[in-house]
Amino acid sequence: MSKTVAIFEPIYSQDQTLTCADFLPFVRADNARPEWREFKILTDMYRNGEHLRHDYTGLFSPKFTLKSKVSGSAFLDFVQRHDGADVCFINPFPQLAYWSFNVWMQGEQAHPGLSRAAQALLDASGVDITIADTPRHGPSTLAYCNFWVGSRRFWDEYVGKTLLPIADFLEANPSHEAAIGVMTDTLHTDPAPFLPFIIERLFSTYISLHPELSVAAYAFDAKAVREYCINDFERLLFDRMQTKIEQADSSGIFEPALIEQMDTVCALWQRHFFDFYATRPHPHTGQPVLIG
């Protein structure tokens, strides 16, 4: 028997239409706390019990198809084929696994100070996650952009017990040092504070720290991963790192020297990203990266 799968796309204005006809509109009448991005909507959905009305529920940005290169119908079919999983996801940046050990290594290069701000927020919110203990994020756990759909159980465990305490804390304590810290602006293709990038990385962190979960990751072969690279420099890095990273993921052993190399390569990749897109439109936004 097929499961009911509801993937919502946020609608912020009357003249906005769905970019993916296979998704459902989630109308935001007031667009409260826009700087929180999808985090605000996810916690509102949980508080309103939206996740209880379906077997699987998700919230995907209007850029889903642009970033993932997968149709909404194809991803919905993927979820139906894995209807016993707690959560299903697709990672639109599979190439990042080849030069960052996990989401926090990449996050720290992209947004310096992110890990410290994240840990302060988790501690202040009473969420028992230690960023430094985050393991390797390979193809089975690496995810960006919140492109996941979860069962009712997953929503209760992850959104209800991890994301909601963070929202409750931020709403009740806007002047707390940890709250102010995560609202600090960071470099990105659009203006944004640390907070949405912390929330985005908590998904991979959470599922990697809970191996008892049944997780279905949309798989990419090596040829497909290379096609997700968005410039020649990324393709060069992928070609140079592919063999050693795939061997380490297969064995489960990442030697310290390899992790250090990944951190160096990740730093070079991020510096190139900032320099390259400072004067060129980024393919996902059509705008240069904001450097300050």
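Everything below is about the structure shown above.
Described in the following lines is the structure provided in the data block. Because the structure is a prediction, the values reported are computed rather than measured.

**Here we look at the overall build of the protein**
Each helix and strand in the protein was counted, giving eleven helices and eight strands. Taken over the C-alpha trace, the protein has a radius of gyration of 18 Å; the compact-globule value for 292 residues is 19 Å, and the two agree within 12%. Across its three principal axes, the protein shows a C-alpha extent of roughly 50 × 45 × 40 Å. Counting across all 292 residues of the protein, residues that qualify as buried make up 52%. Pairs at least 24 residues apart make up 73% of the contacts formed inside the protein by residues separated by at least 6 positions. The average position of the 24 basic charges and that of the 36 acidic charges among the side chains of the protein differ by 3 Å.

**As for helix H11 (residues 256-276)**
Taking 1.5 Å per residue as the helical rise, H11 with its 21 residues ought to reach 30 Å, and the 30 Å between its terminal C-alpha atoms agrees with that figure. Regarding H11, the residues found buried are Leu 258, Met 262, Val 265, Cys 266, Trp 269, Gln 270, Phe 273 and Phe 274. Its buried side turned inward, H11 meets helix H4 (103-110) and helix H10 (232-251).

**Here we look at the packing of aromatic side chains**
Applying the stated criterion across every chain yields a total of 30 aromatic pairs. Taking the centre distance of 4.9 Å and the plane angle of 35 degrees together, the rings of Phe 60 and Phe 64 count as tilted. Each member of the pair, Phe 60 as well as Phe 64, is classed as buried. With a centroid separation of 6.0 Å and an interplanar angle of 45 degrees, the aromatic rings of Trp 269 and Phe 273 are classed as tilted. Of this pair, Trp 269 and Phe 273 are both found in helix H11, four residues apart, which corresponds to roughly one turn of the helix.

Rules and cut-offs
- Residues numbered from 1 in each chain as written.
- Predicted model: local features only at pLDDT ≥ 70, side-chain atom pairs only at ≥ 80, totals over all residues.
- Heavy atoms only, no water.
- Helix = DSSP H or I, 4+ residues; strand = E, 2+ residues; numbered from the N terminus.
- Rg over C-alpha atoms; globule rule 2.2 N^0.38 Å.
- Buried < 20%, exposed > 50% of the residue type's maximum accessible area, 1.4 Å probe, protein only.
- Contact = heavy atoms within 4.5 Å.
- Lys, Arg positive; Asp, Glu negative; His and termini not counted.
- Charge placed at Lys NZ, Arg CZ, Asp CG, Glu CD.
- Expected span 1.5 Å × (residues − 1).
- Phe/Tyr/Trp six-rings, centres within 6.5 Å; stacked < 30°, edge-to-face > 60°.

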